[in-house]
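What the coordinates show
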Amino acid sequence: MSIAIRQLTPVFAGEVSGVDVTQKLTRDDVAEIEAGMDRYAVLVFHDQQLTDPQQQTFSRNFGELEHTAGGNITKAQDRRLDPYMADVSNLDKDHKPLARNDRKRMFNLGNRLWHSDSSFRAVPAKYSLLSGRIVVDQGGNTEFADMRAAYDGLDDATKAEIEDLICEHSLIYSRGTLGFTEFTAEERTMMRPVRQRLVRTHPVTGRKSLYLSSHIGTIVGWPVPEARAFIRDLTEHATQSQFTYSHKWRQWDLVMWDNRQLLHRVTRFDDTQVRDMRRTTIAGDGLTVAQVA
Ligand SMILES: [Fe+2]
């Protein structure tokens, strides 16, 4: 394939041409896309009309697929998709938009907050690949913020202060921010907090980045309100417009991003319209910090 990438903002994000993700990629093609990910951190592929199995096959070029268990409150019998496909739609298993006060919908509204996928897992995600099967006309953008540029933009004293800080992440914290606090005992066990470094170093480029997420509930060793106020300050800094790219979806866009280097969120849209988005997630290859038993 003859792959070309056009940079979309002065800082990051690339639009890819010359790739048909439904075709088998050569080793060189995969290496070229990975190099693009290392550089741009988010890549947009237009006009990729694919099936779920094709999305999974393309995704496996970049690592093992993450299983969706533990990342949502949908019961197995209510799932619309294969357990290796994260259902980022607003639909029930009969393909109907969820009611306004449906518990799953309210849980999913957490995606409106800046986050990094699976930062609530001890081994957090590497890449996410999101396919726009049915998109909405207004709103529903996916916005990205470059945590490398955000880190670079900190002053030296802040960089020194945060270098070795450890945060606790849980879905309970991000949902709690929106007032969604009613979890069963089983869900609370599933969502028990994990630890993540606040500063990560990219394994290939060596660039440092801020590892923020709405899933953060505290910083280990800090009083909770002080930790949350500081994380809020850092997030405000890190999501200033010069660090962001807002993706307006076209049907059959496939957008791939590196959760180790970016934050993202969805913007508001009319939830009575069908929005069918399907995500495959590439598992990370290790802990960012030792967990506490
Ligand atoms: Fe997400």
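Below, the discussion takes up the environment of V42. Assignment of secondary structure puts V42 in strand 3 (residues 42–45). The exposure class assigned to V42 is buried, which follows from its relative accessible area of 1%. If we ignore the near neighbours within four places in the chain, the residues touching V42 are F12, A13, G14, F144, V255, M256, W257 and L262.

What follows concerns the coordination of the iron ion. Coordination sphere of the iron ion, protein contribution only: H115 (NE2), D117 (OD) and H264 (NE2), at 2.1 to 2.2 Å. Looking at D117, the relative accessible area reads 4%, which means it is buried.

Another point: the environment of L113. The topology assignment puts L113 in the loop between helix 3 (103–108) and strand 5 (125–134). Note on L113: relative accessible area 19%, which makes it buried. Taking the C-alpha atoms as reference points, L113 and H215, separated by 102 residues in sequence, lie 9.2 Å from one another. Apart from residues no more than four positions distant in its own chain, L113 is found in contact with S174, T177, L178, S214, H264 and R265.

The strands that make up a sheet are held in pairs by hydrogen bonds between backbone atoms, and each pair lies either parallel or antiparallel. An order of 1-2-3-13-5-15-4 is seen for the 7 strands of this open sheet, with the pairing classed as mixed. On the outer flanks of this sheet lie strand 1 (4–7) and strand 4 (86–87), each paired with one strand and no other. As paired strands, strand 3 and strand 13 (residues 254–258) are joined by 4 bridges and run antiparallel to one another. When the bridges of strand 13 are listed, V42 appears paired with W257. Packing against the sheet, helix 1 (residues 27–40) makes contact with strand 1, strand 2 (14–17), strand 3, strand 5 and strand 13, and its axis sits at approximately 125° to strand 3.

Read from one edge to the other, the open sheet built from 3 strands follows the order 8-7-11, with strand pairing classed as antiparallel. Only two strands of the sheet have a single neighbouring strand rather than two, namely strand 8 (194–197) and strand 11 (216–219). In this sheet, neighbouring strand axes are inclined to one another by 35° on average, regardless of whether the strands run parallel or antiparallel. The sheet contact formed by strand 7 (residues 166–169) and strand 8 spans 4 bridges and is antiparallel. When the sheet's bridge partners are listed, C167 is paired in strand 8 with Q196.

Here the largest pocket defines a volume of roughly 1,000 Å³. D87, V88, S89, N108 and N111 are the residues nearest the centre of the largest pocket, which is lined by 50 residues in total. Of all the secondary structure elements, the ones that give two or more residues to the lining of the largest pocket are strand 4, helix 3, helix 6 (171–177), strand 14 (262–266) and strand 15 (276–283). Split by residue class, the lining of the largest pocket holds 13 nonpolar, 17 polar and 20 charged. Taken together, 15 residues make up the lining of the second largest pocket; nearest its centre are T177, S214, I231, R232 and T235. For the lining of the second largest pocket, the secondary-structure elements that each account for two or more residues are helix 6, strand 11 and helix 8 (224–238).

The rules behind these values
Residues numbered from 1 in each chain as written. Predicted model: local features only at pLDDT ≥ 70, side-chain atom pairs only at ≥ 80, totals over all residues. Heavy atoms only, no water. Helix = DSSP H or I, 4+ residues; strand = E, 2+ residues; numbered from the N terminus. Buried < 20%, exposed > 50% of the residue type's maximum accessible area, 1.4 Å probe, protein only. Contact = heavy atoms within 4.5 Å. Donors = N, O, S within 2.8 Å, 3.2 Å for Na, K, Ca; no water. Pairing = 2+ DSSP bridges. Axes fitted to C-alpha atoms, helices over the stretch in contact; angles between N-to-C directions. 1 Å grid on protein atoms, 1.4 Å probe; cavity = no way out; pocket = protein on both sides within 12 Å on 5 of 7 lines; lining within 4 Å. Points joined across faces, edges and corners; volume = space filled by probe spheres on them. Nonpolar A, V, L, I, M, F, W, Y, C, P; charged D, E, K, R; others polar.

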